[in-house]
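# Overview (structure and organization)
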Amino acid sequence: MKKQLMTVLLGLIFTAMAAGWAAGGETGHYVPGVEGIRAGTVPPPGFYYRMYNAFYNADTMTDADGDDLDIDFDVTVYAMVNRFIWVSDYKILGGDYVADVLIPLIYTDVEIGAMGLEDDKFGLGDICIEPFVISWHGSSYDAVLGAGFFLPSGDYDADEPASPGKDHWGGIFTLGGTYYFDAKKTWSASVLSRYEIHGEKDDMDVTPGDNFLFEWGVAKTVNKIWDLGITGYCAWQITDDKGDDVTWDKDDHDQAFAIGPEVSVFLPSYKLFMSLRGQQEFEVRDRSEGSMVTLTLTKIW
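Residues numbered from 1 in each chain as written. Predicted model: local features only at pLDDT ≥ 70, side-chain atom pairs only at ≥ 80, totals over all residues. Heavy atoms only, no water.

As a further point, take the packing of aromatic side chains. Applying the stated rule across the entire model yields 12 aromatic pairs. Here the aromatic rings of phenylalanine 55 and tyrosine 78 are separated by 4.8 Å at their centres, their planes lie at 35 degrees, and the arrangement is tilted. In this pair, phenylalanine 55 is assigned in strand 1 (residues 46-61) and tyrosine 78 in strand 2 (residues 73-92), connecting sequence segments 23 residues apart. Centre to centre, the rings of phenylalanine 214 and tryptophan 236 are 6.1 Å apart; their planes meet at 45 degrees, and the pair counts as tilted. Of this pair, phenylalanine 214 sits in strand 9 (residues 211-222) while tryptophan 236 sits in strand 10 (residues 226-237), and the two are 22 residues apart along the sequence. An aromatic cluster is defined as three or more aromatic residues linked by ring pairs; in this entry it consists of Phe212, Phe214, Trp236, Phe257 and Phe282. (Phe/Tyr/Trp six-rings, centres within 6.5 Å; stacked < 30°, edge-to-face > 60°. Helix = DSSP H or I, 4+ residues; strand = E, 2+ residues; numbered from the N terminus.)

Mapping glutamine 237 onto the fold places it in strand 10. In this structure glutamine 237 comes out as buried when scored by relative accessible area, which is 5%. Between the C-alpha atom of glutamine 237 and that of glycine 209, which follows or precedes it by 28 residues, the distance is 6.5 Å. Of note is the side chain of glutamine 237, whose polar atom sits 3.2 Å from the side chain of aspartate 241. (Buried < 20%, exposed > 50% of the residue type's maximum accessible area, 1.4 Å probe, protein only. Polar contact = N/O pair within 3.5 Å; in protein donor to acceptor, adjacent residues only side chain to side chain.)

Pasting the structure below:
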């Protein structure tokens, strides 16, 4: 048990919440579950502001086998992520050129009763810049391809597990699409995949392993403005953590799955999209297992 507790503590210290809204062991910058219905669809040319409000809570920490650790664990995270999106008229390979930036503000409150550990903090997380995105629109599909990177802009302290930064650079590659099953595009299914690579941490010789995930959603449009559907995600760490300061088992890779409902609405007079999504995690390994509720507002300028 002592070894397990030290592993959890190291994982929390090495993991701030970054763009992110989950807690646990060494995880990536991008947190799955923030996109849902029609996740593989980029809007037409224009300027957009999107605000994600994500609420994450977990009272279970799992080991590498998916078993619960009896350590009196609890974490609560609120993240407000501001995303500025420019969809241009410029064409690349027949698709629209897109660029965007995400600026997260994160509050984290974490406790481990078995270790007498308690920490809470609010601050700027790690900023994500996507300078290269292409989106396509067909008669029965939408598609997106992109590449971006995370800046270590968030505050980080190895003695403060609630730090909002992750202390390293990161790269992210995106590929996804939405398929429409009818001519009026009232039935849709979407998949949005992400591959993350990570740089070495500044304060220690640790390079987190790569992550792969995909978010999915199935939805029905009602009365032209409402979308009702089911969403979820699957996420895996696929390469080992590296570095001389890695004291845990490098063969332990985290994973998580989640599923839940979503409802969204478009308010034409305000040029505003609103969505509300809830997801419950399951089959989680080597990280926290909890639930997340996300309220997203998208304004067309």
